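Here are the chains, one letter per residue:
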Protein chains: 2
Amino acid sequence: MKILRIRYPNGKPYLTNDDKKKPKNQLTKKKISYSNRGMTLEEDINKTNEYYLLSKKAVIHKKPIPIQVVNVNYPRRSAAKITEAYYKKASTTDYNGVYNGYYIDFEAKETKNKTSFPLKNFHEHQLSHMEACVDQGGMCFVIIRFSTLNRVFVLDFSVIKKWWSQQTELDGKKSIPLKAFEKDGYELNYSLSPRLPYLEIVDSLIARRDN
Amino acid sequence: MKILRIRYPNGKPYLTNDDKKKPKNQLTKKKISYSNRGMTLEEDINKTNEYYLLSKKAVIHKKPIPIQVVNVNYPRRSAAKITEAYYKKASTTDYNGVYNGYYIDFEAKETKNKTSFPLKNFHEHQLSHMEACVDQGGMCFVIIRFSTLNRVFVLDFSVIKKWWSQQTELDGKKSIPLKAFEKDGYELNYSLSPRLPYLEIVDSLIARRDN
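Here the structure is a predicted model, which means the values were calculated and not measured.

Draft legend 1. Representation of the nonpolar core within the structure. If you look at the biggest cluster of nonpolar residues, it comprises 48 residues, and the most contacted ones within it are Phe 122, Ile 176 and Phe 181 of chain A together with Phe 122, Ile 176 and Phe 181 of chain B. Excluding its chain neighbours within four sequence positions, the residues that come into contact with Phe 181 of chain B are Phe 117, Ile 144, Phe 146, Phe 153, Leu 155, Ile 176 and Tyr 186 of chain B.

What follows is the structure, given as C-alpha cells:
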C-alpha cells in the first residue's frame, strides 16, 4: 500500500507525530521554494490579483479576450449558444485596475528563450496604449517570465519603450537581453501568498517616479 | 428624381449656392440639437472615448464582453473559428481607464422607463466592484439614459450605493425616481464632439471629493 503524504499548500509535508519523533537532522532542510509548480504566468497573476482583491490591497483584473460574435443560437430553455465567433486583436493590454489611488496597467508575457526576450512578443498598439496611459499619470509596466529559467521580472514602461524604439535603428536589437532585465528591471520572487507580489515593485516604481 | 440633401455630420444640411440665394428668413432656424439620432448609449460613449483618446484627454475603454469558449475549429489557411461559446457574467463594470491621474470606472445603462430607473438593472457584483475601486481612490459612477425622454444623467457611486442599500429596507424602493437624478445627479447634454462630454462632470465629482 502506498502511503499518501499530506502536504501543506506550500508543498511542505504535514508532519505526523511519528515524523516529529525522528531526529531533526533526518528531515530534509532544503530552502523552501514557492516557485512556479506547473502554473502559467497568467494563472500566477490571476491568483495574485485575487489575493490583492480579497485583502483589499488593489482592484486589478485581467480583461476578457475580445471576441467578434457572428452567430448566436437561442435553444429553448437554455443559455444563448454562440455558434460562430472569431478572436479579435486586443487594442490594449491584458491587465488594469486601481491601487492606492494609482491607475495600474500592464502586460504579462512568457518566453522559453534563456538569454533574451524577443520584442516581437509586443505589439505596436500595446506600446501606444501604455504610452497614452503613462501620459495620463498611470503606472505602466510589463511582467516577463523566462519560463525555462523560471525567473520573473518587472520592467517599467520607460525601459520597454527604450528597447522598442531602438529596434528600427541601424544595428537595432530585436530582443531585450536578460542582462538588461537584471540591470534595469526588478526581479520578482515567488511567495506563498500572494504568489507574485508585484505591487511591492510597483511601490518602488511609484517612489522613483514621484520623488 | 429624389434629390439627396448632403448633410454635415451634425445633421445640418450642406448649403449649395442655390440654397444660399434664398432669403435667410426662409431657412428654418431651429435650435441645433445634437441629441441622440438612433445611437445607443454605448455607441455614444464609445465615440466619446475615441474622441478623448485622440485628443489625449483620457484613456478609457469598454471592456470586451466575457465569453467562455468551448470549441474552436482551425480550418486550413484561415482564422481560428469558435464554434461553441457562451456568454459569461461580467465580474466588473463595462468601462475603465485613466484620466488626469485618476482611475475611472463606470457602468452605462439605458431604460425605457419615463419616471424612474429600476435598480434590477444593476448587479450586486458591479456594486461591490465599484465600492472596492472607490476604496482604492478610484472615481466610480454610472451613466444612465432615459431613452424615451432622451435625457442622460451621471450619478456618483455614493448616490447609487444609497439607493441600492435602501432596497432591502421595509418599504424600500425598487427604482431610483427621475427626481432623484435631477436632484443628486448631473444631467449630461449631448454635444457634437465629444457626443457625451462626461469628463466635465467627472471634474465636478473630483472637485467635490477632493475639496
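Draft legend 2. The arrangement of empty space enclosed by the protein in detail. With the rule as written, the count across this model stands at one cavity of 30 Å³ or more. Empty space within the largest cavity amounts to approximately 30 Å³. Together, Val 59, His 61, Asn 96 and Gly 97 of chain A together with Lys 63, Asn 96, Tyr 103, Asp 105 and His 129 of chain B line the largest cavity. Of all the secondary-structure elements, those providing two or more residues to the lining of the largest cavity are strand E1 (59-62) and strand E4 (95-99) of chain A together with strand E5 (102-111) of chain B. Partitioning the lining of the largest cavity into residue classes produces two nonpolar, five polar and two charged.

Draft legend 3. Summary view of unusual backbone geometry. Look at the link from Ser 193 of chain A to Pro 194 of chain A: it is a cis peptide, with omega at 0 degrees. The topology assignment puts Pro 194 of chain A in the loop between strand E10 (186-188) and helix H6 (198-210). One non-glycine residue, Lys 56 of chain B, adopts positive backbone phi at about 55 degrees. Inspection of the secondary structure puts Lys 56 of chain B in the loop between helix H2 (41-54) and strand E1 (59-62).

Draft legend 4. Molecular detail of the relation of the copies chain A and chain B. Of the transformation placing chain A onto chain B, the axial shift is 0.0 Å and the rotation is 180 degrees, giving an RMSD of 0.1 Å. This pairing of chains is accounted for by a two-fold axis. Comparing contact sets, 100% of the residues at the interface of chain A also lie at the interface in chain B, consistent with an isologous, same-surface contact.

Draft legend 5. Highlighting the sheet that holds E4 of chain A. Residues and elements named next belong to chain A. Read across the sheet, six strands follow the order E1-E4-E5-E7-E8-E10 without closing on themselves; strand pairing throughout is mixed. A single partner strand is all that each edge strand has here, and the edge strands are E1 and E10. Taken over all neighbouring pairs, the strand axes of this sheet differ in orientation by 25 degrees on average, direction set aside.

Draft legend 6. Structural view of the packing of aromatic side chains. Evaluated as defined, the whole model comprises 23 aromatic pairs over all chains. Both rings, one in Phe 146 of chain A and one in Phe 181 of chain A, keep their centres 5.1 Å apart while their planes meet at 85 degrees; by these two values the pair is edge-to-face. A residue pair is termed long-range when its members are at least 10 positions apart, and Phe 146 of chain A in strand E7 (residues 139-146) and Phe 181 of chain A in helix H5 (residues 178-184) qualify at 35 residues. Judged by relative accessible area, which is 0%, Phe 146 of chain A ranks as buried. For Phe 181 of chain A, a relative accessible area of 0% gives the class buried. Centroid distance Tyr 95 of chain B to Phe 106 of chain B: 4.7 Å. Interplanar angle 5 degrees. Geometry classified as stacked. One end of the pair, Tyr 95 of chain B, is in strand E4 (residues 95-99); the other, Phe 106 of chain B, is in strand E5, with 11 residues separating them in the sequence. For Phe 106 of chain B, a relative accessible area of 0% translates into the label buried. Counting every residue linked through ring pairs, the aromatic cluster contains Tyr 51, Tyr 52, Tyr 95, Phe 106, Phe 141 and Tyr 198 of chain A.

Draft legend 7. Expanded view of the interface of chain A and chain B. Contacts between the two partners involve 35 residues from chain A and, on the opposite side, 35 residues from chain B. Summed over both partners, the interface of chain A with chain B comes to about 2700 Å²; 65% of that surface belongs to carbon and sulfur atoms. There are zero salt bridges connecting chain A and chain B. Inspection of the region where chain A meets chain B yields 11 residue pairs in polar contact (both at pLDDT 80 or more). Secondary structure elements with two or more residues in the side of chain A that touches chain B: E1, strand E2 (67-73), strand E3 (81-87), E4 and helix H3 (124-135) of chain A.

Draft legend 8. Highlighting the pattern of salt bridges. Residue and element names in this part refer to chain A. Per the stated rule, a full pass over the model turns up 20 salt bridges over all chains. For Glu 107, the salt bridge identified is with Lys 109, shortest N-O distance 3.6 Å. Note on Glu 107: relative accessible area 2%, which makes it buried. Residue classification places Lys 109 among the buried positions, given a relative accessible area of 15%.

About the thresholds
- Residues numbered from 1 in each chain as written.
- Chains lettered and ligands numbered in written order.
- Predicted model: local features only at pLDDT ≥ 70, side-chain atom pairs only at ≥ 80, totals over all residues.
- Heavy atoms only, no water.
- Core = buried A, V, L, I, M, F, W, Y, C linked by side-chain atoms within 4.5 Å.
- Buried < 20%, exposed > 50% of the residue type's maximum accessible area, 1.4 Å probe, protein only.
- Contact = heavy atoms within 4.5 Å.
- 1 Å grid on protein atoms, 1.4 Å probe; cavity = no way out; pocket = protein on both sides within 12 Å on 5 of 7 lines; lining within 4 Å.
- Points joined across faces, edges and corners; volume = space filled by probe spheres on them.
- Helix = DSSP H or I, 4+ residues; strand = E, 2+ residues; numbered from the N terminus.
- Nonpolar A, V, L, I, M, F, W, Y, C, P; charged D, E, K, R; others polar.
- Least-squares fit on C-alpha atoms with pLDDT ≥ 70 in both.
- Pairing = 2+ DSSP bridges.
- Axes fitted to C-alpha atoms, helices over the stretch in contact; angles between N-to-C directions.
- Phe/Tyr/Trp six-rings, centres within 6.5 Å; stacked < 30°, edge-to-face > 60°.
- Buried area = accessible area lost by both parts, 1.4 Å probe.
- Salt bridge = Lys/Arg side-chain N within 4 Å of Asp/Glu carboxyl O.
- Polar contact = N/O pair within 3.5 Å; in protein donor to acceptor, adjacent residues only side chain to side chain.

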